[in-house]
Each structure stands twice: as structure tokens, then as C-alpha cells.
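These are the residues of each chain, in order.
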6 protein chains.
Amino acid sequence: MSKIIDQYHVTTEPYYHPVADEVKLYEAAYSVRMPMMLKGPTGCGKTRFVEYMAWKLKKPLITVACNEDMTASDLVGRFLLDANGTSWQDGPLAVAARYGAICYLDEVVEARQDTTVVIHPLTDNRRVLPLEKKGELIHAHADFQIVISYNPGYQSLMKDLKQSTKQRFGALDFNYPSHDIESAIVAHESGVPSDIAEKLVSIAERARNLKGHGLDEGISTRMLIYAGSLITKKVDAQAACRVALVRPITDDPDMRDALDAAVSTFFN
Amino acid sequence: MSKIIDQYHVTTEPYYHPVADEVKLYEAAYSVRMPMMLKGPTGCGKTRFVEYMAWKLKKPLITVACNEDMTASDLVGRFLLDANGTSWQDGPLAVAARYGAICYLDEVVEARQDTTVVIHPLTDNRRVLPLEKKGELIHAHADFQIVISYNPGYQSLMKDLKQSTKQRFGALDFNYPSHDIESAIVAHESGVPSDIAEKLVSIAERARNLKGHGLDEGISTRMLIYAGSLITKKVDAQAACRVALVRPITDDPDMRDALDAAVSTFFN
Amino acid sequence: MSKIIDQYHVTTEPYYHPVADEVKLYEAAYSVRMPMMLKGPTGCGKTRFVEYMAWKLKKPLITVACNEDMTASDLVGRFLLDANGTSWQDGPLAVAARYGAICYLDEVVEARQDTTVVIHPLTDNRRVLPLEKKGELIHAHADFQIVISYNPGYQSLMKDLKQSTKQRFGALDFNYPSHDIESAIVAHESGVPSDIAEKLVSIAERARNLKGHGLDEGISTRMLIYAGSLITKKVDAQAACRVALVRPITDDPDMRDALDAAVSTFFN
Amino acid sequence: MSKIIDQYHVTTEPYYHPVADEVKLYEAAYSVRMPMMLKGPTGCGKTRFVEYMAWKLKKPLITVACNEDMTASDLVGRFLLDANGTSWQDGPLAVAARYGAICYLDEVVEARQDTTVVIHPLTDNRRVLPLEKKGELIHAHADFQIVISYNPGYQSLMKDLKQSTKQRFGALDFNYPSHDIESAIVAHESGVPSDIAEKLVSIAERARNLKGHGLDEGISTRMLIYAGSLITKKVDAQAACRVALVRPITDDPDMRDALDAAVSTFFN
Amino acid sequence: MSKIIDQYHVTTEPYYHPVADEVKLYEAAYSVRMPMMLKGPTGCGKTRFVEYMAWKLKKPLITVACNEDMTASDLVGRFLLDANGTSWQDGPLAVAARYGAICYLDEVVEARQDTTVVIHPLTDNRRVLPLEKKGELIHAHADFQIVISYNPGYQSLMKDLKQSTKQRFGALDFNYPSHDIESAIVAHESGVPSDIAEKLVSIAERARNLKGHGLDEGISTRMLIYAGSLITKKVDAQAACRVALVRPITDDPDMRDALDAAVSTFFN
Amino acid sequence: MSKIIDQYHVTTEPYYHPVADEVKLYEAAYSVRMPMMLKGPTGCGKTRFVEYMAWKLKKPLITVACNEDMTASDLVGRFLLDANGTSWQDGPLAVAARYGAICYLDEVVEARQDTTVVIHPLTDNRRVLPLEKKGELIHAHADFQIVISYNPGYQSLMKDLKQSTKQRFGALDFNYPSHDIESAIVAHESGVPSDIAEKLVSIAERARNLKGHGLDEGISTRMLIYAGSLITKKVDAQAACRVALVRPITDDPDMRDALDAAVSTFFN
């Protein structure tokens, strides 16, 4: 059984560059096992942060990418048929609660209500997970903690977390890193020299200013690393930016021209 | 069989601070097994109250977090396949009715109609639960009682209990405790000294005045306990309030400023 | 097999107070096995009446609380898997038709069309129930009768019985009993002296006048019995009315004040 | 196998009173196995007519009450699990096609499209029913005919037969019988003397004139027979009309008064 | 296995009267296995044409009547449970692709998108059908061709083929045959003398002019054959037209009068 | 096991005519295993390009035609029942990740969110695919790459990729090839002489100018090849264009006239 949980240990240190006091705050929150909500835009490093904390705290990490077709059973578990009839199989949330992992529900707002409500008894002082179909009540392992991510600029009126869910979590804000930190990250992850990395970050900063003025989202750190990786592979810098930064986020001709112009300012 | 029900006994006294005559009224209601509805905002102590009463009355408590994807079968039970064909498995409501537990349906308005209608025959003088799929009629155990929770400020036009359901329940109103009681609760549960607890409660009171003026819900007692727990762990009080009180309930910059200012008034 | 039906006999006389000629009319309708529709508001005694008639006619009674998630199979039956493959299990309607019970579909308008259409062949001169999935045609037992309930003030445009369904039933109107009869019922069922019972009924009458003027439904007889039961258990009369009559039906502050004032007029 | 079909023979002559040339036309249509559509209001005798014709032609009759939750599999058949794995079970349409019955789909417009489309290959010169799930193609028995009913005043824009379905059927119009014929039917079926029957028919005629002026449907012949049956059982005629004719079709007070007045004109 | 496909051979020549160069064009299309779309109104002979071509080309024909509840599995196949576990069963499209039939999807626009998208890889140069659930890739038999039908006047905005589907097919237009050809068809198929057939066609032509002016669809050739068949069975010509031509397509009294008048012009 | 993947190798060089630097850019992207998005209109060669690249890179290619009824299980895999109970079967995405194929999700925007979200962990630095139902975490094979196609002019407001999905892909734009390249493709693929091919391309160019002015989509290269194939089979050029170019894309009479006129300009 412990083998199931072993595969979720983060064995090598993830590259993470602290921005403020988020590491210390998270450690305090984990010490009282407070459920945590990581807020911030797409691709700014929330997933990387939780991997880093799991590595630092030496706890296994079970990540679930939520989606609107996921059911409570996908989290909690279900009966499967085998040669001797049915046998119960824990879902990722039950595995985490039973063996003491950090359970990270990525983009939890995408999930249906039954997914989010199912975590309620794990987030108050009871710390239990009722497996109603099995008639079992899991008392969470002392190491268990639940973490969710949430993109505030992304929610519509139709799709938001219920207040009774939000109130069960402490919250940490995330945003794109500062110019210098982001440049260091891009250089480290893609292998480009730091001057190239700085140029890429500058392009991203221009694009982020267009968010809400024709762009739904800015250019993420992850996209800059993609662009850098192509440049490392000897692709022309303008072509790399076109493929990795501009074409993915907009089909609007004017916006494409504006972004291509920003690219030309830095690479020509 | 009695082992199934045993795991639902509340073995240690839950910390509960009575506010008015709710304990006496509930005891009278239980003595005639009147179905009860607990009304009030998120996080004001309804769940804690029912746990306290179950402990006081020495009855097992089965709690079900309702959600809109829950089916009647999730409450009543279903046939499962095993090595010898199918076998019936009681759902939580059937277990409660059969063995005499208090069955607490939390946020019952979230459930689909079939969930709420299924409790009707348990709420009138018949006190039966038809397991239609099994062809069995459970006559409820003498100790059985049904309790539901309901957040009146939370229901939309599309989602409300049917009148024919509401009329089957006696109702108790709940609200946040008074300043002194709430401070005592926060101090007791989080370990902070009482002056810190009072400051936290004062911040919450300011936020609750903003409900309906930019906030959907106020700050709950549970959130104050979270903030206190972080302070006990040596986290700076302002940071603790930011993580546990402000960031979880709003993403609006003005509202965040207003709440952060309230925090600064008490902690600086 | 006959044991299945035996559990549905009403063995003790239900307390029922006739209001007009409804007992005689029902007996005539039953004598020609006319399908019957009982019309009237929530909690006015329709269910109690059909239990009384079943007792009086010495016929078993199978009650089904309808809901919008109920399928035709929930009424008619389905194949279940057992050790030897699948075996058919009659649903409540098939049991009633096969063994000669009165089948009472409570709030039938809540059900989906397939539930209501499935009863058609049982309501005309054929009196058959096709079990299409099983390839069997049940010819209804000579004692079988179908009864449905219907709350006319409750239906929306989207949810009403089809005319072709309505026309298959004779109909009886029900309403709250007269002052004296209702007082007698409340005194009998809750154990309060008759002067208290009369006061409770008077409060209900005031609330019923507010139906459509801020209240969706009036206070039902069942609620008065709940209030009386609390008073019998030494609960203060005003508190009992608050818990059992006022809080369950409205969250509107003005309406609560109006109802509380009506309570104070009679109990102070 | 032939036993399955035997239970669908109409063994005693149904009471049917021809109105025009419908019997002769139907016989001609059956002789070329033309699919037929019977059009007319609720309760005017369409179902009785097809039973009569099945009896007259000495062909088994399989009636299916259509509804919006019925699937193509409910008509065509499905695989069932038994001790040796899965075995195919013909649905009512497949039984009718295979063994040569008249298959009567009552209120076919209620069914989903897959139900209606599934009959197409049985209605053109191919006269086949593909059991796609089983990989079998049933060539319809020489005696097989398909008949559907349809209430033209009843369809909404959202729910109508597709033109490509309508064009596959010959059509016969039905309406309530003439005064004399209807009186004879009511007297015959309910056992009341003919003067009472005539009065009942006269009341119905008045109500039918109100169709579209406050009533969705008129009073059907079936309802008159119900009223007559109550009168035969010594129920007062006014009470019988109230229960069987007026209360079932309207809850509007003015309309009830109008209909009650019509009743008083004939019975006092 | 080849026996499965054998039952789909068209063994006797279908009666088909070519209108233009459609036979030659189809033969060319088949010779390059171009997927074909047959466009035209209900009942104008599209199905008959594809049967004729299958007979002429000596290829088996598998026809599937599409509907909005059909799933991709209904076309492609599914796993069935038998005594030894699950076994795969090809759906009609997989049978056609594997053994080299013409697969005719009638009224394909009725199907859900997964049905139409599933045919894409069979319509480009790959000519493969991935059985994703089985993990098999069927390379279509050299004789396989896919044909769909489509009624352009019938599609709504909500329900149309995707452009990326339409572009995968060559298209042939169909319409009702010319007066002489249609008369010959009606005479041949129904057995009426040619003067009667001509009169029937003339009535249809008048009705077709009313399409869009009160009629949704004109009278089809198939309906004329029905009318002729009744006349052959000694039914009066006016009654035959009423039953087979007028009553099926309209319930509007004015339109019925207009069509009945047209009938009287030719038969009196 | 390796046999499963072998069937997905592209064994013969697909005919592909590079337009710009797309081959070089794709090779660089593949060398860092960057997930790629191919953007462009229907039938312009996106699928052919990815087949060509798979052949060039000597990697197996698994193509999945996405649709709105596809579930995450269709991609990831599911448990199947066999003689020994259930056994897991990898879906196409799991096969690709496990054995190192290029997985091409065609028209991914058609899929439901659970399909698109399921690919997220494969598109960031983790490169894992959690098989949550099986409790296994696949670490993608070093050769694995994910590619999606996307038609920007085709998406509605209701149906678009989430920004958090788009940002995970590099993007390449595709469009119809230049006149000369497209003519060469048509001649090569259909066998017509190059002058005929040029005329066909000229007709397509005229139609593409009508896109947005009465046509939803232009004429694709694939349609030109169909027309050429019919001409090669001795079909008259005008008839071939009518069948393969005009009739499939429009039913509007004016638009048909305009397109037929364009055809006549080149073939007469």
C-alpha cells in the first residue's frame, strides 16, 4: 500500500525562486494543516510552488487537474469489478487522506459542485472523508493537507467557488515574478544567455499590459521558456517568439501586428 | 452491524458555547423526534451545534454534505455486485433510520429534488423509509431524527427547498455569536491570548457590516480561528489576517484595501 | 410473494376526521376502481385520507413519493444481477397491480413524463401494466386502484400534468379542515388541551390569509401538531410557535414580525 | 416463442360504434399493410378503435404508450445479462415485426426522435427492422402493420412529428361521436339508463364548446363513462359529475362555476 | 463472418427511373471511392437510388437511419459481455469498412457530432476507421464507400453538418421526378392504370406549389403510391386521396379544403 | 505491446509540399518536445503536414478526431471486463505517452473540457499522464509529443480553447498553398494535367474570396483533388466541378449560380 503513495514523492528539488514571504507563510499554514488556496493568473508558477513546498516539506504530492466532467467518484474512489466481485479503489483524494499526502486540486473552479463539496469535511476540524458508497469514514492522516488553485481573473458569474468553500481556505496571492527573477528563471530553464532572457521578459511585460485591452491573458513565464528553448535550438529569435509567444495567444490581426512589433523592438 | 453505527458516535465533547435557548429547544424537539432545520450563514456554528447535541444526547451522528450531483441512491443505498451477485448496501440515511442515528444533511438545498423528496416519509407520522429498489420498508428506529441546514441568504430563485419540504421541519435560527462569546471561542480553539482574539473578532465585525455592500459573505468564526492559529505559529498578525481573513473572501482591490485597513487598525 | 404485499397493510386505524362526503365518494369510486386524483394544498391531509381509506377498505397501500429524478423503471421494475444472472424485480406499481394494492403516487406532477405515461394503461378499461423490458403484460388484480395527489396552486407552466393524464382520473378537492375539526385534530394528535389547540388553529388561519400576499403557502395542520407537541413537552408556547410555525415558512423580516405578532395575540 | 405473441390477441370483441367509413378504410389500408396514423383529441376512441380492428382482423395487438424518456432500445430490444453472458431480448416493436402483430404506438409524438426514426425502415417498401446492436435485419412478418396515434391540437412547436415521418403514414381523423352514438356508448359502458346518458353527453357538449376559451381539452367519452359508473353506484348525479367531469379538467374558479351550472341545468 | 455481410446484398433490381446523369456520375464517384452526399426533399427517391446503385454495382448496402440519440458506438461498435467476458461487436460502419459495403447514413444531420466526426478518417485519403475502444485501426476494404443523405430545406441553424464534414463529400441533387416519369413510377408501384397515376401526380404537383405557403413539405412520390394502392384495393379515389395524401401532411382547415378541392378537380 | 504502437508508423512518404519554414520550425519544436498547435482553415493540409513530419521524424503517429461527445476516458483509457474480471485498456493518449508516439488531436476545440484538461500534465515540464482510475502515473516516453489542430475562423464564443490550454502550445499558422504549389498538389494527387489543375485552383481562389460573403468556408484543396479525380475518370469537367466543388458547400441558389458561372469561365 505504501508503494502507491511512494510514487508521489518529489525526489529532485524543483527550480523555484521565492518572491516574498510565501515559503514561510506556507510552512506555518502547513504546520497547522490549514487548507490553502493559491490565487493567480495562468502560468505564473502556482503548480511549481506547490511542488517545491512538497519537496521542501518531504511530503508526497498528489496533483489532480480538475475539469467540469470530473465527478466526486473520480476524487473519492469507486467500486471496480474484479474476478471476486467488486473491490473498492481509493481515488486520489482518498489516497492522499489515508497515507498523508498534500493533495493539490488544480483549477478547482472547473469542477462540478460535488467535487468541491466533497472536500468540505476534510477542511474543518473534523478532517474526515466519508466514503459514503463504501460506508467508511477516513480520518485524515496527520500529514494530510489540501491545496487548491484559483485564477481570480478567469471566473465567470456562472462558475465560481461557493463562499462556503472559499471560507475554508487560507489564501496566498501569486503573480508573475519581478523582471530580474523572471529573467533568471527563463535563463535557467531554457538555457539562453541572460541578455536574451531579459529581452524575452521585456516582450512579455509589454504583452501583459495589453491584458483586458484585446488580450484575455498575458504571456506566461512558461511561454517564455518555450521561446528560449527554440532559440537554444538555433531557431531565429523572431521566429521563436512568433511560434511560442504570439501565435498561441491571439488570432486578431491587429494584436498580432502589435505583438510582432514588440518582438522586433528587441530582436532584429 | 452495530459496528457500522458505532463509528458515528461523538466520543469527545465538542466545544460549543450556547447563545440562547437553542439547546433546550433542540432537546424538546428531539424528545418528540421533530425533524429540525438549522438556519444561518456560512461558518456560524450550525455543524458544531449538531455535533454538540449528538454528544449531549449520546446518539450517533451521520453527516452528509449535500451537493447538486448527489442522487437519492447516494442517501438511500444501492445494490453492489459481489462474488455472489448483487448485495444491498444501505446509504447513510438508511443506516441512520435503521440503527437510530441523528442524520444531518448539510446544505440540503444543494441537493436535487429526489434527495429531498426521499426524506418526506421519514418526516411525517409514518417515519418510514421505502427502499423502493429493494422492496423494503424501513420503520425508523425510535432514536432516529433528521436534521438539515439551510443558509437563507444564499438561495437563488432557481434553487430553494419546496414548501412541502420546509413545512416538515421545525426551525432554529443561528447567527454569529456575540462579541464576548466569539472571542472566547477563538481564544479557546486557536490558542491566542484573549486580547488578540478580541481584535480578530472586531475585524470580523467590521467585515460583516460590509456584507451586501461588496462582500457576499462576512468573515466566519472558522476563519478567525485560522488566523489565530497562524499567529500562534509566530506568523506576523497582519500577514496572518491577510492570508486567513482577507485574501480568501475577496479579489476586489478596493475591498481588499478596506479590509487591510481594518486589520491595520487593530494590529500594527 | 404475498409477504411482500403484507407489509403494506395499514393495521391501525389512522386518525381521520371527515370534512364532507369524501369518504362516501371515494368508496363509490373504489367500487368501480375509478382512478382518483386528490387535489389540495400541502399538509391538508391528503396522504392521511388515503391511508384512512386503505384501512377502511382493508386494502394494502403502497405510497410512492414522486420526484423529478424518478424514472419509469423506479415504478415498474428492473432487472437485477444476481448469482444466476439477471432476475426481475417488480417496482412498487407492479407490486400493487399484481397483488391488488391501492397505489398512491404522492405529488405525481413532480415526476417526469415517463412516470405518468406509464400509468395510462392501468387507468382505462384495459387495466394492464406492460412490463416492456420483461415482455410481460400484468393484468391488474381486481383490488388494484391508482390514486394520485396534486397541488393546484403549486404547478408552474413548465410542470403540469398532461390533459390526457388528468382525464383518466376522478377528482376530489381537499382543503384545510374547518376551525372546530382542525382544533380537534391538533388536540388529538399533539396532546395539548383544546383551548391551546384552538389558539394554534387561529394563528394558522391568520397566516393562511397571507398566502399569495408574501407567503407561498399557509401553515399546515401538520405544523400545528408540531407546535402542540413542543408545548406538551413544556416548551414555552411562543417559542414553540416560533420554531414550528414561523421560522420554517419565511425568512422575510416583515413577514416574521407579522406572524410573531399574530402569535403574541394568542399567547402572551 | 409463439406464446409471447399469443398474450397480445384481443379475445373478446371490444365495444366499438363505427362513426363513418373508418372500418372499411382501415381494412383496405391493412390489406396493403399501409402504416396508419390515427388523429384526434384525447379520449375520443382511437385506442378503442385499434383494439376493435385487431379483434376484427384477428391479429395480435401490441400497444406501447410513448413518452419522452423512452429510448429506441425500449422499442427494438436490448441485450440482457444472464447466467451464460448476454442474451438478446426483443422489444415490443421487434416482437410485432417478427411474429406479425399490429404495433400501436400511442401518442408517438411524445417519444424522442430515435424512437420515431427507428420505425422508418418498417414503413417503406423494405419493411425491415435493423437490430443494429445485434447485427440482425428483421424482415417484417407478412401480417405486421404499424399504427400511431397523434393529437393535432396538442402539439407545440417544439414537439411535432418530422415531416419525413408523417409522410410514411396514411391518416384517419377521429372526433367525439355524434350525440346519439355517444349516448349509446355511455349507457352501454356505464350501465346508466339512456336518459341519464343523454344528459351526460349534453353536459360534455357544452364543455367542448369551451375548448380554447379557458379549457385546454373538452370532456371525453371516457369521463362520461366514469360519471355514469358513479351514478350506477348510487352516487348523487351532481356529485358524480363534479368528481368525474368538472374537477379533473379545471382548477379555475370561474370555469368550475360555469361547468357546475351546466351540470345543474341537467341534474337538479 | 462473410455471412454477416451477405444479408446486405440487394438481390432483386429495385425499380428506379433515372432522371438525368446521376447514375453515370455516381459510377464515376464510386470508381474513385469518393464519399457522396445525396441532397433532396423527403420521399423523392434518394434511398431508392442508393439501393439501385448498390444493386447495379453488385456491392452490399448497409443503411443506417440516423437520429439524434445515436452514439458513435452505435456506428462503430462496442464491447458486449458474454460467458467469457467481453467480446467486441462491430457496428454497421465497421462491418461496412471491414467487408467492403456501401454504407448509407440516412438523414445524417439528425445525428450528434460524434457520429459525423467518426466518419472523417474514412473520407480522406487515409480511409481508416479507428476503433479507439478496441485499439484497432481498420483499413477500409477496397470496395467500401460512404454515402449520406441530406435534406437542405429541412435544416435549422442549430442543426447542420459542419463545413469540415460537408467538404469531404461530392454531392448530387435530387428532386421529384418529371410528370411522366413520376406517373410511370406510381403506376408501376401501386398497380393503378396510367390515367389514374397521372391524376395523382397532378394533385401532388399542386400541393408542391404550396410548399412554403402553408405546407412544410409537398406530397411525396411514396404518398402517391400509397393512394394508388388504396384505389387498387377498391377504395373510392377521393377517400384514398384524403387518407393517403391530405390528412397526413396538414391539420390546417383551410389547407385541407384547398387540397380536397384539388383532389375533387381530378376525381369526382 | 510494441505491436500496438507499430501499426501507427507512417510507412510511405506522404505527399507534402512545404510552404515556408514550417518543417524546420516543427523539427526544432519536436527536438525540445514542445507541444504544438496547428492553426488554419478546413482542408488546407494540417493533417497531411503532421503525417509528413511523423514520417520524416520516423515516429509513430496516433490521430484522434475529437468531438463533443468524447470523454476523457476515450483518450486516457478505461477498465474492460474480461473473463478474469476487469483489465485496463490504454486509450490512444496513454498508448502514445507510454510508447513514444506523436499524438495528434484533430479539431480539439470540439472536445469537452475534460478532454482538453487531461492533456495539461503532459504539456508542462512534468510530462506525466495520471491514470486516476487506475492509480498509475505514466511518465511520458522520451519520444512523445502532443499536437493539436485548431481552426481560428471556426470557433464560437461558446466553444473555444481555454487560455490556460492555449498557453501550453507553440503555434504554427497554415493556409491554402500558393497558386503554383496548390496546382502541383492537385495534379499530383488526382492525375489531371497541370493546365486542368491550374483551372481548378483558379476556381477555388474565386470561391475563397466569397468566404464571409455568403460562404462559410472556401473550397479546400481536398475538394479540388476530388474534382480532378472525376475528370480523370472521364467525367465532364463542368459536371465534376458541380458534384465536387459547388453542390457540397452551398444550397443557396444565387451562390450556386455565382460558383457555376466561375466554373464556366474556366471550363466550357
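The rules we used
Residues numbered from 1 in each chain as written. Chains lettered and ligands numbered in written order. Predicted model: local features only at pLDDT ≥ 70, side-chain atom pairs only at ≥ 80, totals over all residues. Heavy atoms only, no water. Contact = heavy atoms within 4.5 Å. Buried area = accessible area lost by both parts, 1.4 Å probe. Salt bridge = Lys/Arg side-chain N within 4 Å of Asp/Glu carboxyl O. Polar contact = N/O pair within 3.5 Å; in protein donor to acceptor, adjacent residues only side chain to side chain. Nonpolar A, V, L, I, M, F, W, Y, C, P; charged D, E, K, R; others polar. Helix = DSSP H or I, 4+ residues; strand = E, 2+ residues; numbered from the N terminus. Expected span 1.5 Å × (residues − 1). Buried < 20%, exposed > 50% of the residue type's maximum accessible area, 1.4 Å probe, protein only. Domains from an automatic or database assignment. UniProt positions renumbered as here; feature names shortened; annotations may be inferred. Least-squares fit on C-alpha atoms with pLDDT ≥ 70 in both. Pairing = 2+ DSSP bridges. Axes fitted to C-alpha atoms, helices over the stretch in contact; angles between N-to-C directions. Phe/Tyr/Trp six-rings, centres within 6.5 Å; stacked < 30°, edge-to-face > 60°. Lys NZ or Arg CZ within 6 Å of the ring centre and 35° of its normal.

**Focus on the interface of chain B and chain C**
Right, so step 1: Every contact between the two is made by 43 residues of chain B and, on the other side, 46 residues of chain C.
Right, so step 2: Roughly 3800 Å² is buried in total at the junction of chain B and chain C, and carbon and sulfur atoms are behind 52% of that figure.
Right, so step 3: For the chain B face of the interface with chain C, the top three residues by lost area are E132, Q163 and Q167 of chain B, together amounting to 19%.
Right, so step 4: Viewed at the interface, chain C and chain B are joined by 5 salt bridges.
Right, so step 5: R247 of chain C is paired through a salt bridge with D173 of chain B; the nearest N and O atoms lie 2.9 Å apart.
Right, so step 6: Run the count over chain B and chain C and you get 10 residue pairs in polar contact (both at pLDDT 80 or more).
Right, so step 7: Of the residues belonging to the side of chain B that touches chain C, the class tally is 16 nonpolar, 13 polar and 14 charged.

**Comments concerning helix α3 (residues 46–57) of chain B**
Residue and element names in this part refer to chain B.
Right, so step 1: For α3, with 12 residues, the first-to-last C-alpha span of 16 Å sits near the 16 Å given by 1.5 Å per residue.
Right, so step 2: α3 sits mainly inside the fold: 10 of its 12 residues count as buried.
Right, so step 3: For α3, the set of buried residues is K46, T47, R48, F49, V50, E51, Y52, M53, A54 and L57.
Right, so step 4: Immediately beyond the C-terminal end of α3, within one or two residues, lies K58, with a positive phi of roughly 60°.

**Notes on unusual backbone geometry**
Trans peptide bonds make up the majority, and among non-glycine residues the majority have a negative phi.
Right, so step 1: Notably, K58 of chain A is not glycine yet its phi reads approximately 60°, a positive angle.
Right, so step 2: Using a relative accessible area of 64% as the deciding quantity, one classes K58 of chain A as exposed.

**A short note on the interface of chain F and chain E**
Right, so step 1: Listed by partner, the interface residues are 46 residues for chain F and 43 residues for chain E.
Right, so step 2: Between chain F and chain E the total buried area reaches about 3700 Å² when both faces are included, carbon and sulfur atoms providing 52% of it.
Right, so step 3: Joining chain F to chain E, the criterion identifies 10 residue pairs in polar contact (both at pLDDT 80 or more).
Right, so step 4: Mapped onto the side of chain F that touches chain E, the elements with two or more residues apiece are α3 (46–57), β2 (61–65), β3 (77–82), α11 (221–232) and α12 (237–246) of chain F.
Right, so step 5: At 5 residues, the largest contribution of residues to the side of chain F that touches chain E is made by α11 of chain F.
Right, so step 6: In terms of residue class, the side of chain F that touches chain E is made up of 18 nonpolar, 10 polar and 18 charged.

**Quick word on the arrangement of the chains**
Right, so step 1: The two units chain A and chain C remain apart, with a minimum C-alpha distance of 11 Å.
Right, so step 2: The closest approach of any C-alpha atom in chain B to one in chain D is 11 Å; the two make no contact.

**Section: the domain arrangement of chain A**
All names here are of chain A.
Right, so step 1: With domains assigned, chain A is organised as domain 1 (6–173) and domain 2 (179–266).
Right, so step 2: Between the C-alpha centres of domain 1 and domain 2 the distance comes to 32 Å.
Right, so step 3: Contact with domain 1, which involves 9 residues of that partner, is made by 10 residues of domain 2.
Right, so step 4: The contact between domain 1 and domain 2 buries some 770 Å² in all, and 57% of this surface belongs to carbon and sulfur atoms.
Right, so step 5: The largest per-residue losses of area from domain 1 upon contact with domain 2 belong to Y15, H17 and G43, which jointly make up 60% of the total buried on that side.
Right, so step 6: At the junction of domain 1 with domain 2, the criterion picks out 1 salt bridge.

**Some points on helix α10 (residues 194–209) of chain B**
Residue and element names in this part refer to chain B.
Right, so step 1: For α10, which comprises 16 residues, the first-to-last C-alpha distance of 23 Å matches the rise-based estimate of 22 Å (1.5 Å per residue) to within 8%.
Right, so step 2: Three or more residues of α10 are buried, namely I196, A197, L200, V201, S202, I203, A204, A207 and R208.
Right, so step 3: Summarising the contacts, the buried residues of α10 are in contact with α9 (179–190), α11 (221–232), α12 (237–246) and α13 (253–266).

**A closer look at the UniProt feature "domain: CbbQ/NirQ/NorQ C-terminal" (unreviewed entry) in chain A**
Right, so step 1: The UniProt record annotates "domain: CbbQ/NirQ/NorQ C-terminal" (unreviewed entry) at residues 182–265 of chain A.
Right, so step 2: Strand forms 0% of residues 182–265 of chain A and helix 71%; the C-alpha atoms that close the span are 19 Å apart.

**Looking at the relation of the copies chain F and chain E**
Right, so step 1: Superposition of chain F onto chain E requires a rotation of 60° combined with a translation of 0.1 Å along the rotation axis, giving an RMSD of 0.1 Å. Taken together, the rotation and translation relating the two chain copies correspond to the operation of a six-fold axis.
Right, so step 2: With a heterologous cut-off of 20% or less, the 2% of interface residues of chain F that recur at the interface of chain E puts this contact in the heterologous class.

**Comments concerning the sheet that holds strand β8 (residues 145–150) of chain C**
All names here are of chain C.
Right, so step 1: The 5 strands are arranged β2-β5-β8-β1-β9 in an open sheet whose pairing can be described as parallel. Each edge of the sheet is formed by a strand with only one pairing partner; in this case those strands are β2 (61–65) and β9 (170–173). Averaged over all pairs of adjacent strands, the angle between strand axes in this sheet comes to 20°, irrespective of strand direction.
Right, so step 2: Two strands pair when backbone bridges link them, and strand β5 (residues 102–106) and β8 are joined in this way by 4 bridges, in the parallel orientation. Within β8, the position partnered with I102 by the bridge is Q145.
Right, so step 3: Along the sheet face, helix α3 (residues 46–57) touches β1 (36–39), β2, β5, β8 and β9 and points at about 175° away from the line of β5.

**Digging into the pairing of β8 of chain C**
Right, so step 1: With 6 of 6 residues buried, β8 of chain C is to be regarded as a mostly interior element.
Right, so step 2: What you see with β8 of chain C is no split at all: Q145, V147 and S149 of chain C on one side and I146, I148 and Y150 of chain C on the other are buried throughout.

**Let's talk about the packing of aromatic side chains**
Right, so step 1: Scanning all chains against the criterion turns up 30 aromatic pairs over all chains.
Right, so step 2: On the numbers, 5.3 Å between centres and 55° between planes, the contact of Y16 of chain C with F49 of chain C is tilted. Here F49 of chain C lies in helix α3 and Y16 of chain C lies in the loop between α1 (2–6) and α2 (22–31), a separation of 33 residues in the sequence.
Right, so step 3: Here Y16 of chain C falls in the buried class, since its relative accessible area comes to 14%.
Right, so step 4: Members of the aromatic cluster, each reached through a chain of ring pairs, are Y16, Y26, F49, Y52, W55 and F174 of chain A.
Right, so step 5: The side chain of R33 of chain B reaches across the aromatic face of Y30 of chain B, ending 4.0 Å from its centre.

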